[in-house]
Amino acid sequence: MPMVRKPKLGIQGPVVAWQDPWAGEASDLVMRTGTGSICPSQDPKPEPGAFVQALLELSADFYVHHVIPGQEDQQHLWEDIDRAGLDICLGNEYGNINGPWVEGTNRYDVPDALITRAAESGRCIGLLYDEPEHLQINAAQYRKDGWFPHWGVTDGMSLEAARSKVERAVQEQVKHVQHVSGQKSVTAPSMPLITEQVFPTMFHTLARAGMDVCPKVMKESFQSLQLATALGAAKQYGRSLWICADLWGPDTGTWFTRFPGFPGHSPEEFASALRMGYFMGPTHLFAENIDVLMQYTPSGFKQTEFGDVWMEFTKQFIPEHPLTWKHSEADPDIVVIHSDDSNYGQNERLFGNREPVTSETNHSESIFHIWHLLSRGAIPAHGSCMHIPGYDFPRHSLKRDVPLEKFPLAGGYATENGRGVHPLFYPVNNVVAYDDRVSRERLGKPKLILAGGSSLSAESLAAIFDAANHGSVVVIAAWLLPTDAPQEMRTSGRKGFGQWLVTDDFLDETIRTAVEPFLGEADCWIQRFGAAEVRMTPKDSLGFTLDFEIHMLKR
C-alpha cells in the first residue's frame, strides 16, 4: 500500500469579522487589512473557547495567528491552543501594515521574546512572512515615510547585487530565528520562516536563503504559472510547500461578502482551488481567512456558503481522495529556467531598486514570453499576474458604490455584466520552473527546456547543453551565452540526440513551431508527481472551476 500524505490543514484568523478573541478591543486600534484604513469589526467578539472550538469543527490542524504589535504576550492564547491540541503559525502581516518596523525596512519581525515563548510551547510550526516579495518591490505599500524595502535598500545596485543583498538579509534572519528558538536542525527547522506570496517571483531567491515556500492561490494569480514556479523553488532547494487558499481577490458576485474583494472569488471557484492546491502535494494548506467561512452571531458561529465548501473538502473530499504523492516528486516534461529578476510585469523596481536597469529589465521580460508560449497564449505576454495593464477588477466598483458601513453583504454584489476576471484554468503541459543556478542532477530529463531571464550561471549553461546532447530540445536566449562561448553553443541545430535553439525572441515563429509538439492539449493543464499525473480541465466555459482526473502511470 502506498503511503498516504495528507497535508496539515489550517485556518487564518479574522481581519474584519470580529476582534481577536484574546486581544479584544486592541484589534480595532490597528489596520488589519492592506486597505489603508482601520476597519471596525462586523461581528461580536467570540470567547476564546468558542473560537478554538470553531477551528476544531473546521478540521484545522493549525491556526495562523496575526500577531498584534504591542499585544504579543498573550499567555492564554498558548494555553488554549495547547489544550485543543492545535499547532500555531505566527504571521507578521499586522506589523508590516502598522509597524514597528526593523530599522531601514518596512518589515515587522516577531519579537525574540515571542519566538522563545513559541518555541517553548512546542506548538509553533512556523513564522509566516506576508508577501515579502511584494513589500521588497513595492516598498511604499504600507510605510509612507520613505522608501524602505522589506529586506533592505537596493537603490543603485546591479540586479545581481540587489538579489544577493536580499538573499543575505533573509539568511541572517533565518539564522537569528534558529538561534533564538534553540532549533538544532538547520536543514529541517521546527519553526521555519515561510514566504507567503501573491507574485510568482522571488520564490527561488527566498527559498535559496532558507525560507519555506507558500504560494497564494486564487488571489490575482495565473494558477499554473504560480504553482509551477513555487513547485520548482521548493524542489530545487529542498523546501516544504505551503499553499494559502487566499479568498481576497478581484471579483464580485452574489455570495456572502465581508468587504470589497473579500471574498473576490465564488464558492465554486474556492472549491476547485482547494482541490487544485491539495493535488499539488503540499505539506500544509490553509484558508485566508476565517471571516469568509463563518459569521459569529448571538447564537454562536454560523457557516457561510464558503464554510460549507471548506467542510465538504475536509470531511468528504480528502478522505475520498487519499494523496499518495508529495510536491517534491514533481517530474516535469518541460522545464523553464529563469534568473529570479523580481519582475512580475511592472518592469521597474527590480528587487526594490528605483533606478532604471534598462537592459536587464528588457531581458527579464522574456519570462513572460515563455509562459505566453507554453500556455498557448492564455497567459499574457507582458506579465505574470493580473496586476498588469489590461485587467479591470470588478471589486473596484463595489468599493466605489457601497459604503463600508453596509458590510457584510449577505447576498453579495452583482456587476452589470455578471462576469469576473479570474478563472483558475491556464493550460500548461507539466511544467516546473527553476532558477539560473539549477544543477544537472536537479534538471533531470525533461523533453523541453526554455532558458530566459537576465542571467544564467556557468553550471546551468553546461547542464542544459548536456541535456540537449542527451535528447532534450533546448531553447535559450542568445544574450545568456557568454561572449567566449564555443561556436557549437552559439549555433542552433542538432546536438547529440537533442536540439539546441538560440533565439532573440521566444515568440518567433520558428520557436513556436519547434515547441508545438510539447505543448499538450489546449484544454488541459497537467502536473505530474512521480507516477501520479494530475489532469485539470475547465468545468465551465470560462475556466473558473476545474474538473480533475488522476492517472497513475506505469513505470
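Owing to the predicted nature of the structure, the values given are computational and were not obtained by experimental measurement. (Residues numbered from 1 in each chain as written. Predicted model: local features only at pLDDT ≥ 70, side-chain atom pairs only at ≥ 80, totals over all residues. Heavy atoms only, no water.)

A. Fine view of the sheet that holds strand S17 (residues 525–529). Spatially, S17-S18-S19 is the arrangement adopted by the three strands of the open sheet, whose pairing is antiparallel. Among the strands making up the open sheet, the edge pair consists of S17 and strand S19 (546–552). Adjacent strand axes in the sheet meet at a mean angle of 20° when their direction is disregarded. Pairing geometry for strand S18 (residues 532–538) and S19, over seven bridges, is antiparallel. Paired with Thr537 across the two strands is Asp547, which belongs to S19. With respect to the sheet, helix H9 (residues 267–278) is in contact with S17, S18 and S19, its orientation differing from that of S19 by roughly 20°. (Pairing = 2+ DSSP bridges. Helix = DSSP H or I, 4+ residues; strand = E, 2+ residues; numbered from the N terminus. Axes fitted to C-alpha atoms, helices over the stretch in contact; angles between N-to-C directions. Contact = heavy atoms within 4.5 Å.)

B. How the structure looks around the sheet that holds strand S12 (residues 431–434). The strand order across the open sheet formed by six strands is S12-S11-S13-S14-S16-S15, and the pairing between neighbours is mixed. Both edges of this open sheet fall to S12 and strand S15 (493–495), since each of them pairs with a single strand only. Across the sheet, the axes of successive neighbouring strands diverge by a mean angle of 20°, strand direction being ignored. Examined bridge by bridge, strand S13 (residues 448–452) and strand S14 (residues 473–477) share four bridges and lie parallel to one another. Residue pairing for S14: Ile449 is matched across the bridge by Val474.

C. Local environment of a negative patch on the surface. Together, Asp504, Asp505, Asp508 and Glu509 line one region of the surface with negative charge. With respect to the element layout, Asp508 can be found in the loop between strand S16 (498–503) and helix H18 (509–515). (Patch = residues over 30% accessible without salt bridge, like charges linked within 9 Å, V, L, I, M, F, W, Y side chains within 5 Å. Areas by Shrake-Rupley, 256 points an atom, 1.4 Å probe, with all protein chains shown as cover. Salt bridge = Lys/Arg side-chain N within 4 Å of Asp/Glu carboxyl O. Lys, Arg positive; Asp, Glu negative; His and termini not counted. Charge placed at Lys NZ, Arg CZ, Asp CG, Glu CD.)

D. Spotlight on unusual backbone geometry. A cis amide bond, omega 0°, links Phe262 with the succeeding residue Pro263. Structurally, Pro263 can be placed in the loop between strand S7 (242–246) and H9. The linkage connecting Glu288 with the following residue, Asn289, adopts the cis geometry, with an omega of 10°. Structurally, Asn289 can be placed in the loop between strand S8 (284–288) and helix H10 (290–293). Despite not being glycine, Asn347 shows a phi value in the positive range, around 55°. Residue placement: Asn347 occurs in the loop between strand S11 (334–338) and helix H12 (358–364). On the basis of relative accessibility, which here comes to 29%, the residue Asn347 falls in the partly exposed class. One non-glycine residue with positive phi stands out, namely Phe351, at about 55°. (Buried < 20%, exposed > 50% of the residue type's maximum accessible area, 1.4 Å probe, protein only.)

E. Spatial organisation of the side chain of His338. In this structure, His338 sits in strand S11. If we ignore the near neighbours within four places in the chain, the residues touching His338 are His204, Ile367, Ala433, Tyr434, Asp435, Asp436 and Gly452.

F. The pattern of salt bridges, seen in detail. A complete count under the given rule lists 30 salt bridges for this structure. Ionic pairing is found between Asp435 and Arg208, a salt bridge with its closest N-O pair at 2.6 Å. Residue Asp435 is located in the loop between S12 and helix H15 (440–443), and its partner Arg208 is located in helix H7 (residues 203–208); the two are separated by 227 residues in the primary sequence. Both residues of the pair, Asp435 and Arg208, belong to the buried class. For Lys216, the salt bridge identified is with Glu288, shortest N-O distance 3.6 Å. Pair noted here: Lys216 is in strand S6 (residues 212–218) and Glu288 is in strand S8, with a separation of 72 residues, a long-range link. Overall, Glu288 belongs to the buried group, its relative accessible area being 3%. Overlapping salt bridges bring together Asp130, Glu131, Lys216, Asp246 and Glu288 as one network.

G. Summary view of helix H4 (residues 112–121). Listed in full, the buried residues belonging to H4 are Leu114, Ile115 and Ala118. Looking straight down H4, one finds that the buried residues subtend no more than 105° of arc, so they occupy a single side. Among the exposed residues of H4, those oriented more than 90 degrees off its buried face are Ala113 and Glu120. The secondary structure elements touched by the buried residues of H4 are helix H2 (75–84), strand S3 (87–91), strand S4 (124–130) and helix H6 (159–181). Where H4 terminates, the next one or two residues include Gly122, which has phi positive at roughly 75°. (Arc of directions from axis to C-beta.)

H. Local environment of the environment of Leu231. Looking at the secondary structure, you find Leu231 in helix H8 (residues 223–237). For Leu231 and Pro486, which are 255 residues apart along the polypeptide, the C-alpha to C-alpha distance reads 33 Å.

I. Broad picture of the environment of Val4. Relative to the elements of secondary structure, Val4 occurs in the segment before strand S1 (8–12). Taking C-alpha positions, Val4 is 9.6 Å from Lys326, a pair spaced 322 residues apart along the chain.

J. Summary view of the environment of Ala477. As for its placement among the helices and strands, Ala477 is situated in strand S14. C-alpha of Ala477 to C-alpha of Ala462: the two residues are 15 residues apart in sequence and 14 Å apart in space. Not counting the four nearest positions on each side in its chain, Ala477 is found in contact with Ala451, Gly452, Thr503 and Phe506.

K. Here's a closer look at the packing of H4 against H6. The interhelical angle for the contact between H4 and H6, taken along N-to-C directions, is 55°, at an axis separation of 8 Å. As summarised for this structure, H4 and H6 are arranged oblique, according to the angle between their axes. Between H4 and H6 lies a crossing of right-handed hand. Contact residues: H4 offers Asp112, Ile115, Thr116 and Ala119, while H6 offers His176, Val177, Val180 and Ser181. Its residues assigned to classes, the contact of H4 with H6 comprises four nonpolar, three polar and one charged. (Parallel < 35°, antiparallel > 145°, perpendicular 65-115°, else oblique. Left-handed = near helix turned anticlockwise from the far one by under 90°. Nonpolar A, V, L, I, M, F, W, Y, C, P; charged D, E, K, R; others polar.)

L. Representation of the pairing of S8 in the model. Counting buried residues along S8, five of its five residues qualify, which places the element largely inside the surrounding structure. Judged by which residues are buried, S8 turns out to be covered on both faces: His284, Phe286 and Glu288 on one side and Leu285 and Ala287 on the other are all buried. Here four bridges tie S1 to S8, and the two strands are oriented parallel to one another. Counterpart to Leu9 in the pairing with S8 is Leu285. Two elements, S7 and S8, share five bridges in a ladder whose sense is parallel. Counted as the bridge partner of Trp242 is His284 from S8. In this fold, the crossover linking S7 to S8 by way of H9 has right-handed handedness. (Right-handed = clockwise from strand over helix to strand, strands pointing away.)

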